[in-house]
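Observations on the model geometry
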Amino acid sequence: MSLNPSPRPPLSEAVLSGPLEAVERPKVKSSAAVAVPSRVSHGAPRRLLPGNSDRYLVRTGALLAAALGWHLASTYGFEFFVRFDNVPGPLVVGAEFLAQASSQQFYLHILHSMQRIAIAYGLAVVIGVVLGVMMGRSRFAEDVILPYIEILRPIPAVAWIPLAILMMPSEQSSIVFITFLGALFPIVINTVHGVEQTPKVLVRAARSLGANNTAILWHVVLPGALPSIVAGLAIGMGVAWFSLLAGEIISGQYGIGYFTWSAYTLVEYPKIIIGMLVIGGLGSLCTLLVRKACAPLLRWQIEGAKS
């Protein structure tokens, strides 16, 4: 009798030598079946959010409804706190707009206004963001600059016109100066707010990892303040057009503001409405361009929950 036990057959041989009915294969779920949910839904259908095309249709419908109300109010002389009996209707304004669109001088007015906006707004963006960052990061800079901001900010653009004419060497520079002031203050205030709202724990974490002040500014403070800065840029563009209109009314020979004011002095009411609509359209277009240009910098931001 041998003391050595008989060698045990390998597991594979033992399994294969047994009856086939005793072998249970493990149940493996398909990864495709796990990862891809069933497209058949037996419950209530999900609520579909409207796409961009549907939203544009809604906005276009809202504008058409406003134009229809304007047409009815002008046609029937609606009067309830607001008098529409002397206001030209949209058909009259549209015919006058087509006549002005064939005139070269009309585009000259628009070109001058766009040039002034580009110069004034560009200066306001550079100076406003720099001042805002300085005030948000340094208490000394805030104590020096803030009194000037708070004193000059409430002064309307019209009040700056006489002083701008006295200080500036030309009418063009005076209009640019007034437009610059209008765009500057919203950009400064929003930049200061964004920089001050940067969480201090992020700054301390970056500093503990060895980042210097420049790296903290570029990689922590400015990215965190960008949403507020972009809001200030959009608001500043709207105020810039408002200030440009005030400057061109009093001091100017060309520009869409001068076009609107001269139409009022000559009692050409359709041209007044054309000037107002062109200013609103150009202002909205410029604000949209600002938001689109800043959108790549805000890809990390979570979209708001809109129903």
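Since this is a predicted model, take the numbers as computed values, not measurements.

Definitions and limits used
Residues numbered from 1 in each chain as written. Predicted model: local features only at pLDDT ≥ 70, side-chain atom pairs only at ≥ 80, totals over all residues. Heavy atoms only, no water. Helix = DSSP H or I, 4+ residues; strand = E, 2+ residues; numbered from the N terminus. Buried < 20%, exposed > 50% of the residue type's maximum accessible area, 1.4 Å probe, protein only. Contact = heavy atoms within 4.5 Å. Phe/Tyr/Trp six-rings, centres within 6.5 Å; stacked < 30°, edge-to-face > 60°. pLDDT = per-residue confidence, 0-100. Patch = residues over 30% accessible without salt bridge, like charges linked within 9 Å, V, L, I, M, F, W, Y side chains within 5 Å. Areas by Shrake-Rupley, 256 points an atom, 1.4 Å probe, with all protein chains shown as cover. Salt bridge = Lys/Arg side-chain N within 4 Å of Asp/Glu carboxyl O. Polar contact = N/O pair within 3.5 Å; in protein donor to acceptor, adjacent residues only side chain to side chain. Core = buried A, V, L, I, M, F, W, Y, C linked by side-chain atoms within 4.5 Å.

Next up on the list: the overall build of the protein chain. When its secondary structure is counted, the protein chain shows 12 helices and 2 strands. The order of α-helices and β-strands along the protein chain, N terminus first, is α-α-α-β-β-α-α-α-α-α-α-α-α-α. Going through the 307 residues of the protein chain one by one, you find that 30% of them count as buried. Restricting the contact set of the protein chain to residue pairs at least 6 apart, pairs at least 24 apart contribute 70%.

Our focus in this paragraph is the packing of aromatic side chains. The geometry of an aromatic ring pair is captured by two quantities: the separation of the ring centres and the angle between the planes. Under the definition given, this model contains 6 aromatic pairs. Within the aromatic cluster, the residues linked to one another by ring pairs are Phe97, Phe106, Tyr107 and Phe259.

Across the protein chain, the average pLDDT comes to 82, with 80% of residues at or above 70. Low confidence marks residues 10-24, where pLDDT is under 50. Its contacts with residues over four positions away, or in another chain, come to 1 contact. For residues 28-49, every residue scores under 50 in pLDDT, and the model assigns this stretch 2 contacts once sequence neighbours within four places are set aside.

Let's shift gears to unusual backbone geometry. With a phi angle near 55 degrees, Val267 is a residue other than glycine that sits in the positive phi range. Mapped onto the secondary structure, Val267 falls in the loop between α11 (256-265) and α12 (269-294).

A word on a nonpolar patch on the surface. Judged by side-chain polarity, Ile119, Leu123, Val126, Ile127, Val130 and Met134 come together as a nonpolar surface patch covering roughly 490 Å² of accessible area. Checked against the element boundaries, Val130 lands in helix α5 (residues 104-137). Val130 gets classed as partly exposed once you look at its relative accessible area, which sits at 43%.

Another point: the side chain of Ser113. Secondary-structure assignment places Ser113 in helix α5. Polar side-chain contacts of Ser113 include one of 3.0 Å to the side chain of Glu248. Residues in contact with Ser113, not counting those within four places in the same chain, are Trp241, Leu244, Glu248, Gly255, Ile256 and Gly257.

Let us now look at the nonpolar core. One finds Phe106, Tyr121, Leu233, Met237, Trp241, Ile256 and Val278 to be the most contacted residues of the largest nonpolar core, which totals 56 residues. Secondary-structure elements contributing two or more residues to this core are α5, α6 (139-152), α7 (157-167), α8 (171-196), α9 (200-208), α10 (213-250), α11 and α12. When residues of this core are assigned to their parent elements, the largest contribution, 14 residues, is made by α10. Not counting chain neighbours up to four residues away, the residues in contact with Val278 comprise Phe97, Phe106, Ile110 and Ile256.

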